[in-house]
Amino acid sequence: MSAAAAPPTRRPRAVRHRRTAAALILTLLGALLTALGPALPARAATAGNAASVTRAGDTFTVRTSSAAAVRIVVARADVFRIWLSPDGSFADDPAGSDLATTTSFGTVGATLTDAGAYWRIGTPAISLRINKKPLTFALYRADDTTLVWAEDRPTSWSAGRTTQYLGRAADEQFYGTGLHLGEWALRDRTVPVAVSNKWTEGTNASPAPFYMSTNGYGVMRNTWAPGSYDFRAPTALSHDEKRFDAWYFAGTSLKDVLDGYTDVTGKPFLAPAWGLELGNADCFNASNPDYQGDHNRVRHRTTPDVVGYAADARAADMPSGWILPNDGYGCGYTDLPSTVAALNEKGFRTGLWTSTGLSGIEHEVGTAGTRAVKTDVAWIGSGYKYAFDGVKQAVAGIEDNSDARRFVWTVDGWAGTQRNAVVWTGDTSGTWDAMRWHVPSIAGAGLSGLNYASGDIDGIFGGSPQTYVRDLQWKAFTPAFMTMSGWGATNPSAGYQDKQPWRFAEPYASINRKYLQLKMRLMPYLYTMGRTANETGVPSTRALVLEYPDDPVARGNATSGEFMAGDSFLVAPVVSDTAVRNGIYLPAGSWTDYWSGKVYQGPGWLDGYAAPLDTLPLFVRAGAIVPMWPQMNYTGEKAVSTLTYDVYPRGDSTFSLYEDDGVTRAYQDGAYARQRVDVHAPAAGRGDAVISVGAADGSYTGKAAARGYEFTVHSASAPTSVSVGGAPLPALAGKAAYDSASSGWYYDPADRAGVLWIKAGSRSEAFTVTASGITAAPGTPVGTRSAPIPQTGWKVVAADSQETAGENGAAANAIDGNPATIWHTQWSGGAAPLPHEIRIDLGARYAVDGLGYLPRQDGGVNGRIGRYEVYVADSTTAWGSPVATGSFADTAAAQQVSFTAASGRYLRLRVLSEAGGRGSWTSAAEITATGTEAPPGAATG
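Not measured: the values here are computed from a predicted model.

Caption draft 1: Structural context of the overall build of the protein. On a plain count of helices and strands, the protein comes out with 13 helices and 57 strands. Considering only C-alpha atoms, the protein reaches an extent of 85 × 75 × 65 Å along its principal axes. Side-chain charges in the protein split into 80 positive and 87 negative, and the spacing between the mean points of these groups amounts to 3 Å.

Okay, structure coming up:
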């Protein structure tokens, strides 16, 4: 909950007004300037020409024809800093070491060469050119020919803003800027790098002054100043300060860039194991006179009442691991030590929410035993350094008063927050539309190194059993997730607004249990992914571009509605009220449906996937090796007497399991173990699967001397034999015999299209399992989709209405390829009535199978298309029946309509309603279409 937490109200309708002639001139001038690209700020200054370069070790200083100077620090062969000071001094360093915590990696031995028109600083990884007239920079690979980025014009500054301008490659894509709410591929978008605390699509819940590019580099502006990144051409990267200071990270992949970025700004923290379990927040001290909510909340009168909810969870067999019992303004707490102890007995850790600071944290952590902190916007909502320092105080409060690991939740993070806290999306509502944009938001946060990013399950406001179930399903595959009760819809009865998963009726409770139990079984896998992030900066929740950087589909927002959970699971959330999931993109390779065992072959699109309410579309990558615990409701409830490896054999693959005590910071001193598992199997068809299990090398408190091992091997046929260490295992008659045996195997052809179950017995050393004669099932090819139809030959044949007096709202703007311009129907002198339509000549005949709609991107909402009809025809006078009908959501996000291909030269979009019901307008930034060339027909105008 946050200070702004109040039930959302309908905003006043945005009404367009008649404008003066002067305003019209300014509007048209602004449109012209927008078309020409970003312009220099008024009275902006630049450094002029480069006059000289001097060096001191790996630090270089550029003097200029003006007072400005530039300092270049080569920290590592692939990491460097460019710091431009308009007055030539380098005393103004507001970020200090707060963001860039590690900048010394040893001597680089960079070279300096005068190449005439430029100086060149070289390392084994990069070549940085300092162009002399005027002073600009360009980065190349070490070969000095492969361009990475180049300034399009000199960096400029005014009293309140400094902007760098970079050229943009034809297919270059951009990612990052923190927990940006919405789609994560940022090309052609302008993104705020600023705190707003609005928590709506298009804003930034935890901005980070960092982005990276498919050209193989990343940039962190070393500043606390807010900014804005315009990823049009040229990119215009601005911060509100009179200085320029940036760290650059070169890499051969996006993962390399994240590694370099987090080497400098800090690796993502490693959460305690219980931090991956479901958390719950509410006020359980409503009798406090200072509480701003209902003082008579049943079962919420005093803090110990929370123990009753914990008991309910255990009685419902519902996994959950931690609780914040004081989340509410003025809530406070009573009997904290006894409450913490009682919750511990039930397997719950206790944390505290704060809107006023941390004055009592020494007692709360050191004496009472709390282990988590959630900061509120009422305290840290001003953001930037103030919020950053507040989070650092919370970390210190936990770690200075216990041996526990940090576990802090915050909004308003910044670059470097990944080393200290979970970031979440703020106070949002439980709606299908909010769920839609949460999926790319959380996956996209990982592209800024934020391993732990989340949002309240089904939001803090509103919600329903259906949206709750769907939201919990996919969030169970993210590292951290939480419920927030007390503000949403009535549940389970009058007087309660509970969002704990065990408080729902059937069938919802059982579905919630199913996914919470699955997450608990997957804990060793997800915990290992957390350690991977802690070591490399590569997040657990991954946009597909991280795993498939060379796939042009994976690089863009066509896949923003799905993500990889670690390196093995592809998750395709259902974010609308439907039982069918369309548009699931499966990259190249074989993918196994987790529930049915059916194998699909990518790349391509899977449509019509049956996804009733209890089914999350979930696919496993070929070669996956997934460690699993026995079923339990919280970490430590049971000893891991048997570890299961769920194996999807196809070719050669490997997995390195990470384990430690799950609670303390002893792992930082080497108290952990690793176990490597290698699988060699046929890439296709029949053959032997050899599973080589290494010893669990290393030591930590609680490590078992030996444990049992079980394997579930997915195979389309029964093996001819199974052996461990060369000794044959007995074949068992069925599941009952298998369950009672200490070792052996059986094959179940009805289990997920064929699963081989193997018990290898208790082991303390390395061993090998061989399953002879298994079969890698052939995959069913998924469908391909047609390409975008080039707009170069398009023209508007007719539009029933367009605004040309009060603004440039010409219909042609909808097909000009520029998302900054819009088609808007008439509003000056009175709005033209609905319906509206636009008719487009595609320039040639196509089999059209999709229409794309990009709503206006200028911050306005009027005219967003609601109900629509789409027509394709060879004549503008005989359209026939619509090929598609439906409704677009009231959002700024791009939307796509797919339909059975229809051939024709002309495309007609008929608009029946405005999405938000704000008026009779229609607007569009871009209208696009997909299809393939069709044979000539009898096209007539």
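Caption draft 2: Spotlight on helix H2 (residues 254–265). Counted at 1.5 Å a residue, the expected span for H2 with its 12 residues is 16 Å, and the 16 Å between its end C-alpha atoms agrees. Those residues of H2 that sit buried are Leu254, Val257, Leu258, Gly260, Tyr261, Thr262, Val264 and Thr265. Within two residues after H2, Gly266 carries a phi angle of roughly 110 degrees, on the positive side.

Caption draft 3: Just the sheet that holds strand E11 (residues 174–180), in detail. Spatially, the eight strands line up as an open sheet ordered E1-E2-E3-E4-E17-E14-E13-E11, and their pairing is antiparallel. Unpaired on one side and paired on the other, strand E1 (50–56) and E11 mark the two borders of the sheet. Strand after strand, the sheet turns through a mean of 20 degrees between neighbouring axes, direction not considered. With four bridges connecting them, strand E13 (residues 204–213) and strand E14 (residues 217–221) associate as antiparallel partners.

Caption draft 4: The state of the cysteines, seen in detail. According to the stated counting rule, one finds one disulfide in the structure shown. Put simply, Cys283 and Cys331 are joined by a disulfide, and their sulfur atoms are 2.2 Å apart. Around the S-S axis, the bridge from Cys283 to Cys331 shows a dihedral of about 90 degrees and counts as right-handed. Of this pair, Cys283 sits in the loop between strand E18 (279–281) and helix H3 (306–315) while Cys331 sits in the loop between strand E19 (322–324) and helix H4 (336–345), and the two are 48 residues apart along the sequence.

Caption draft 5: The pairing of strand E16 (residues 235–239), seen in detail. Of all five residues making up E16, five are buried, and the element is well covered by its neighbours. On E16, burial covers both faces: Thr235, Leu237 and His239 on one face and Ala236 and Ser238 on the other are all buried. With five bridges connecting them, strand E10 (residues 162–166) and E16 associate as antiparallel partners. Considered in E16, the bridge of Tyr165 is made with Ala236. For strand E15 (residues 227–230) and E16, the ladder comprises four bridges, and the chain directions are antiparallel. Bridge pairing links Gly227 to His239 in E16.

Caption draft 6: Seen up close, the environment of Ala476. Along the chain, the position of Ala476 falls in the loop between helix H9 (465–475) and strand E27 (482–484). When its relative accessible area of 2% is taken as the criterion, Ala476 is described as buried. In contact with Ala476, not counting residues within four places along its chain, are Phe481, Tyr515, Lys519 and Leu526.

Caption draft 7: Quick look at the nonpolar core. Residues Ile72, Ile82, Leu128, Trp149, Phe477, Phe569 and Phe711 are the most contacted members of the largest nonpolar core, which totals 197 residues. Setting aside residues up to four positions removed in sequence, Phe477 forms contacts with Leu518, Leu522, Leu526, Thr541, Phe563, Ala565, Phe569, Val571, Leu616 and Leu618. Among the nonpolar cores identified, the runner-up in size contains 28 residues, and Ile838, Ile840, Ala902 and Leu909 belong to it.

Caption draft 8: Region of interest: the packing of aromatic side chains. Taken as a whole and judged by the stated rule, the model has 47 aromatic pairs. Ring centres of Tyr329 and Trp353 lie 5.1 Å apart, and the angle between their planes is 80 degrees; this geometry places the pair in the edge-to-face category. Remark: Trp353 occurs in strand E20 (residues 349–354) and Tyr329 occurs in the loop between E19 and H4; sequence separation between them is 24 residues. Side by side, Tyr329 and Trp353 carry an identical accessibility label, which is buried. Ring centres 5.9 Å apart and planes at 75 degrees place the aromatic pair Tyr515 and Trp595 in the edge-to-face group. Separated by 80 residues along the polypeptide, Tyr515 in helix H10 (residues 508–521) and Trp595 in the loop between strand E32 (584–593) and strand E33 (599–606) bring together distant segments of the chain. Since its relative accessible area comes to 27%, Trp595 is described here as partly exposed. Ring-pair connections join several aromatic residues into one group, and the members of that group are Phe80, Trp149, Phe174, Tyr211, Tyr217, Tyr229, Phe231 and Tyr248. Here the guanidinium or amino end of Arg785 rests over the ring plane of Trp605, the centre of that ring lying 4.3 Å away. Cation over ring: Arg908 sits above Tyr871, and NZ or CZ is 4.5 Å from the ring centre.

Caption draft 9: Region of interest: the environment of Gln418. As for its position among the elements, Gln418 is in the loop between strand E22 (408–410) and strand E23 (422–424). Judged by its relative accessible area of 2%, Gln418 is buried. Along the primary structure Gln418 and Leu270 are separated by 148 residues, whereas in three dimensions their C-alpha atoms are 10.0 Å apart. Ignoring anything within four residues of it in the chain, the contact list for Gln418 reads Tyr261, Thr262, Thr265, Gly266, Lys267, Pro268, Phe269, Ser448, Gly449 and Leu450.

Caption draft 10: Representation of the pattern of salt bridges in the model. Scanning all chains against the criterion turns up 51 salt bridges. Salt-bridge contacts for Arg542 lead to Glu547; the nearest nitrogen and oxygen are separated by 2.8 Å. Judged by its relative accessible area of 4%, Arg542 is buried. Here Glu547 makes a salt bridge to Arg621, at a shortest N to O gap of 2.8 Å. Here Glu547, found in helix H12 (residues 544–547), pairs with Arg621, found in strand E35 (residues 618–621); they are 74 residues apart in sequence, far enough to count as distant. Residue Glu547 is classed as buried on the basis of its relative accessible area of 12%.

Caption draft 11: Structural view of the environment of Ser85. On the secondary structure map, Ser85 appears in strand E4 (residues 79–85). Using a relative accessible area of 6% as the deciding quantity, one classes Ser85 as buried. Excluding residues that lie within four positions of it along the chain, Ser85 makes contacts with Ala68, Ala69 and Phe90.

Caption draft 12: Geometry of the sheet that holds strand E12 (residues 190–193). Read from one edge of the open sheet, nine strands run E5-E6-E7-E8-E9-E10-E16-E15-E12, paired in antiparallel fashion. Each of the sheet's edge strands pairs with one partner strand only, and the pair in question is strand E5 (111–114) and E12. Geometrically, the sheet is characterised by an average inter-axis angle of 20 degrees between neighbouring strands, direction not taken into account.

Caption draft 13: View of the packing of helix H8 (residues 432–445) against H9. One can describe the packing of H8 onto H9 by two numbers: an axis separation of 11 Å at closest approach and a directional angle of 10 degrees. Accordingly, the angle class assigned to the pair H8 and H9 is roughly parallel. Across the interface between the two elements, Trp432, Met435, His438, Val439 and Ile442 of H8 pack against Gln466, Thr467, Arg470, Asp471, Trp474 and Lys475 of H9. Its residues placed into classes, the contact of H8 with H9 shows five nonpolar, three polar and three charged.

Caption draft 14: Spatial organisation of H8. Here H8 spans 20 Å end to end across 14 residues, near enough to the 20 Å set by a 1.5 Å rise per residue. Along its length, H8 reaches its greatest deviation from straightness, about 25 degrees, at His438, and the proline Pro440 lies no more than four positions downstream. With respect to burial, H8 is a largely interior element, 11 of its 14 residues being buried. Of all the residues in H8, the buried ones are Ala434, Met435, Trp437, His438, Val439, Pro440, Ser441, Ile442, Ala443, Gly444 and Ala445.

Caption draft 15: How the structure looks around the UniProt feature "domain: F5/8 type C" (unreviewed entry) in the protein. Sites flagged by UniProt as "domain: F5/8 type C" (unreviewed entry) map to residues 775–930. Helix makes up 0% of residues 775–930 and strand makes up 43%, while its end C-alpha atoms are separated by 39 Å.

Caption draft 16: Quick look at unusual backbone geometry. The peptide bond linking Lys133 to Pro134 adopts the cis configuration, its omega dihedral lying at -10 degrees. Residue placement: Pro134 occurs in the loop between strand E7 (126–131) and strand E8 (136–141). A cis amide bond, omega 10 degrees, links Gly602 with the succeeding residue Pro603. Of note, Pro603 is situated in strand E33. Not every positive phi belongs to a glycine, and Thr177 is a case in point at roughly 70 degrees. Mapped onto the secondary structure, Thr177 falls in strand E11. A relative accessible area of 0% means that Thr177 is categorised as buried.

Caption draft 17: Spotlight on the packing of H10 against helix H11 (residues 523–536). H11 packs onto H10 with a crossing angle of 65 degrees between their chain directions and a minimal axis gap of 5 Å. Facing H10, whose interface residues are Lys519, Met520 and Arg521, H11 presents Met523, Pro524 and Leu526.

Caption draft 18: Region of interest: the pairing of E1. Of the pairings in the sheet, the one linking E1 to strand E2 (residues 59–64) comprises six bridges and is antiparallel in character. From the neighbouring strand, Ser52 faces E2, where its bridge partner is Arg63. The antiparallel hairpin formed by E1 and E2 contains two residues in its connecting segment, where Gly57 sits at a positive phi of about 65 degrees.

Definitions and limits used
- Residues numbered from 1 in each chain as written.
- Predicted model: local features only at pLDDT ≥ 70, side-chain atom pairs only at ≥ 80, totals over all residues.
- Heavy atoms only, no water.
- Helix = DSSP H or I, 4+ residues; strand = E, 2+ residues; numbered from the N terminus.
- Lys, Arg positive; Asp, Glu negative; His and termini not counted.
- Charge placed at Lys NZ, Arg CZ, Asp CG, Glu CD.
- Expected span 1.5 Å × (residues − 1).
- Buried < 20%, exposed > 50% of the residue type's maximum accessible area, 1.4 Å probe, protein only.
- Pairing = 2+ DSSP bridges.
- Axes fitted to C-alpha atoms, helices over the stretch in contact; angles between N-to-C directions.
- Disulfide = S-S within 2.5 Å.
- Contact = heavy atoms within 4.5 Å.
- Core = buried A, V, L, I, M, F, W, Y, C linked by side-chain atoms within 4.5 Å.
- Phe/Tyr/Trp six-rings, centres within 6.5 Å; stacked < 30°, edge-to-face > 60°.
- Lys NZ or Arg CZ within 6 Å of the ring centre and 35° of its normal.
- Salt bridge = Lys/Arg side-chain N within 4 Å of Asp/Glu carboxyl O.
- Parallel < 35°, antiparallel > 145°, perpendicular 65-115°, else oblique.
- Nonpolar A, V, L, I, M, F, W, Y, C, P; charged D, E, K, R; others polar.
- Bend = angle between axes of the 7 residues up to and from the residue.
- UniProt positions renumbered as here; feature names shortened; annotations may be inferred.

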